[in-house]
Amino acid sequence: MPVELFGLKFPNPIGLAAGMDKGGGAVPAWEALGFGFSELGGITRHEQPGNPKPRMFRVVEDEALINRMGFNNPGADSMAERLRGWRDDNRWPSNPVGINLGKSKVTPLDEAPEDYLYSFQLLKNLADFFVVNVSSPNTPNLRQLQDKTALAGILDALQEANDSQRPILVKVAPDLGFDALDEILELIETHDLAGLVATNTTIARPDETEPVRAKLYAETGGLSGRPLAKRSTEVIRHLYRQTRGEVPLIGVGGIFTAEDAWEKITAGASLLQIYSSLVYEGPQINRALLNGLAKRLTNEGLTEIRDAVGIAS
Ligand SMILES: Cc1cc2nc3c(=O)[nH]c(=O)nc-3n(C[C@H](O)[C@H](O)[C@H](O)COP(=O)(O)O)c2cc1C
């Protein structure tokens, strides 16, 4: 089920979401596990330890995760070295590799453009596409950078340095209202965005009275997995409608089954990513998702993923 998007060829539409391989330590593994692409990072200009442990919690019954990792990562310099290492050893995957860029915790918000730019300059020739992450709930005030003016400042800096014209996408939070999403959409043309990744984790929580689960849901951090699926699909549908399907969307949030994947695609996503379901189901999930999607396409009388994108928007 190949997909061609923003000038790149994806052998299948299921990718590894950001946050699993934060430092590019396992780059060839993702293709070997059947992913059609991977997104490394979030990487920041400065190396960071992240928040103190425990910082990741499983709500097993709900197949959900709550994390407040806080961008633990080896820093852009170190990542660049690792990526060169994979290439020098001839172990670079043939599938597209993206890099998720975050802001260092020590960098004040008004210096964010320089922080993102530093990482981008170092890494821009080492990966196929880039995702500006302004939507993690775990770096204080980071999500304020989703404000149109602040985001424009970051994108100006990156595009000015983008001499090899790498696709640059923005990853949005599921907690943004439709008005705020529409403001971000206004930057697509002015800042030559290749697309959007929807969505990051949510700070919202399901209503839960059962004490063990209620205690877990009270943990600070971003919620991912099954409880995120519905909202993330709503955001995708909104973005697809507003852009009349003209802007590539990568759908992520609570995809566990082929049915979940189908919902995201038909709401408007051209590519998908998973994180939590990989944790709960293991890597065989890729085969299940791809086989299920292939069957669904056939049943609907369609031949390619792109024929299904947005048909239920
Ligand atoms: C432990 C953990 C770390 C994450 N780190 C990042 C990150 O560094 N950058 C980012 O954009 N998203 C990060 N995410 C969010 C995921 O990429 C994804 O958007 C989210 O988990 C929803 O997908 P899922 O329901 O399939 O897990 C992280 C998620 C988890 C669970």
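Residues numbered from 1 in each chain as written. Predicted model: local features only at pLDDT ≥ 70, side-chain atom pairs only at ≥ 80, totals over all residues. Heavy atoms only, no water.

Any chance you could break down the site of the ligand for me, citing the residues and the numbers?
The full set close to the ligand counts 26 residues, and Ala18, Asn100, Lys171, Gly254 and Ser276 are the nearest of them. Contact distances for the ligand include 2.7 Å between an oxygen atom and a backbone N or O atom of glycine 254. Burial of the ligand by the surrounding chains reaches 98%, relative to a free accessible area of 610 Å². Elements supplying a minimum of two residues to the shell around the ligand: strand 4 (37-43), strand 6 (64-67) and strand 11 (222-225). (Near = heavy atom within 4 Å. Polar contact = N/O pair within 3.5 Å; in protein donor to acceptor, adjacent residues only side chain to side chain. Areas by Shrake-Rupley, 256 points an atom, 1.4 Å probe, with all protein chains shown as cover. Helix = DSSP H or I, 4+ residues; strand = E, 2+ residues; numbered from the N terminus.)

Can you break down the pairing of strand 11 residue by residue, with the values?
Alternating positions in strand 11 separate into two faces, Gly222 and Ser224 on one and Leu223 and Gly225 on the other, with burial throughout. Where strand 6 meets strand 11, four bridges bridge the pair, whose relative direction is antiparallel. When the sheet's bridge partners are listed, alanine 64 is paired in strand 11 with glycine 225. (Buried < 20%, exposed > 50% of the residue type's maximum accessible area, 1.4 Å probe, protein only. Pairing = 2+ DSSP bridges.)

Any chance you could break down helix 8 (residues 229-242) for me, citing the residues and the numbers?
Taking 1.5 Å as the rise per residue, helix 8 with 14 residues should run 20 Å; its terminal C-alpha atoms sit 20 Å apart, in good agreement. Turning to helix 8, its buried residues number three or more, namely Ala229, Ser232, Thr233, Val235, Ile236, His238, Leu239 and Tyr240. For helix 8, the elements touching its buried residues are strand 9 (168-172), helix 5 (178-185), strand 10 (195-198), strand 11, strand 12 (249-252) and helix 9 (258-267). Two residues or fewer after helix 8 comes arginine 244, characterised by a positive phi angle close to 50 degrees. (Expected span 1.5 Å × (residues − 1). Contact = heavy atoms within 4.5 Å.)

Residues and numbers for the sheet that holds strand 11, please.
Within the open sheet, the three strands sit side by side as 5-6-11. Their pairing is antiparallel. At either margin of the open sheet sits one strand with a lone partner, and together these are strand 5 (56-59) and strand 11. Sheet twist, expressed as the average angle between the axes of neighbouring strands with direction ignored, equals 25 degrees. (Axes fitted to C-alpha atoms, helices over the stretch in contact; angles between N-to-C directions.)

So what's going on with the packing of helix 9 against helix 11 (residues 285-299)? Residues and values would help.
Where helix 9 meets helix 11, the closest approach of the two axes is 8 Å, and the angle between their N-to-C directions is 60 degrees. By the angle between their axes, helix 9 is oblique relative to helix 11. Here helix 9 and helix 11 pass one another in a crossing that is right-handed. Listed contacts from helix 11 to Ala258, Glu259, Ala261, Trp262 and Ile265 of helix 9 are Ala288, Leu289, Gly292, Leu293, Arg296 and Leu297. Considered class by class, the residues forming the contact of helix 9 with helix 11 number eight nonpolar, one polar and two charged. (Parallel < 35°, antiparallel > 145°, perpendicular 65-115°, else oblique. Left-handed = near helix turned anticlockwise from the far one by under 90°. Nonpolar A, V, L, I, M, F, W, Y, C, P; charged D, E, K, R; others polar.)

Can you tell me about the packing of aromatic side chains, naming the residues and giving the values?
Two descriptors summarise a pair of aromatic rings, namely the distance from one centre to the other and the angle between the planes of the rings. One pass over the structure, following the stated rule, counts seven aromatic pairs. Aromatic pair phenylalanine 6 and phenylalanine 129: ring centres 5.9 Å apart, planes at 55 degrees, arrangement tilted. In this pair, phenylalanine 6 sits in the loop between strand 1 (3-5) and strand 2 (8-10) while phenylalanine 129 sits in strand 8 (residues 129-133), placing the two residues 123 residues apart along the sequence. Each member of the pair, phenylalanine 6 as well as phenylalanine 129, carries the same accessibility label: buried. Ring plane angle 85 degrees and centroid distance 5.0 Å describe the contact between phenylalanine 120 and phenylalanine 130, whose orientation is recorded as edge-to-face. Within this pair, whereas phenylalanine 120 is found in helix 3 (residues 112-123), its partner phenylalanine 130 is found in strand 8, the two being separated by 10 residues in sequence. Each residue in the set Phe6, Phe10, Phe37 and Phe129 is aromatic and connected to the rest through ring pairs, giving one cluster. Positioned over the ring face of tyrosine 280 is arginine 58, at 5.7 Å from the centre of the ring. (Phe/Tyr/Trp six-rings, centres within 6.5 Å; stacked < 30°, edge-to-face > 60°. Lys NZ or Arg CZ within 6 Å of the ring centre and 35° of its normal.)

An account of unusual backbone geometry is needed here, citing residue identities and associated values.
Glycine 42 follows glycine 41 through a cis peptide bond whose omega is 5 degrees. Cis geometry marks the peptide bond from alanine 198 to threonine 199; its omega dihedral reads 10 degrees. Residue position: threonine 199 is located in the loop between strand 10 and helix 7 (211-217). Even without being a glycine, glutamate 63 presents a positive backbone phi close to 45 degrees. Relative to the helices and strands, glutamate 63 is located in the loop between strand 5 and strand 6. Here glutamate 63 falls in the buried class, since its relative accessible area comes to 17%.

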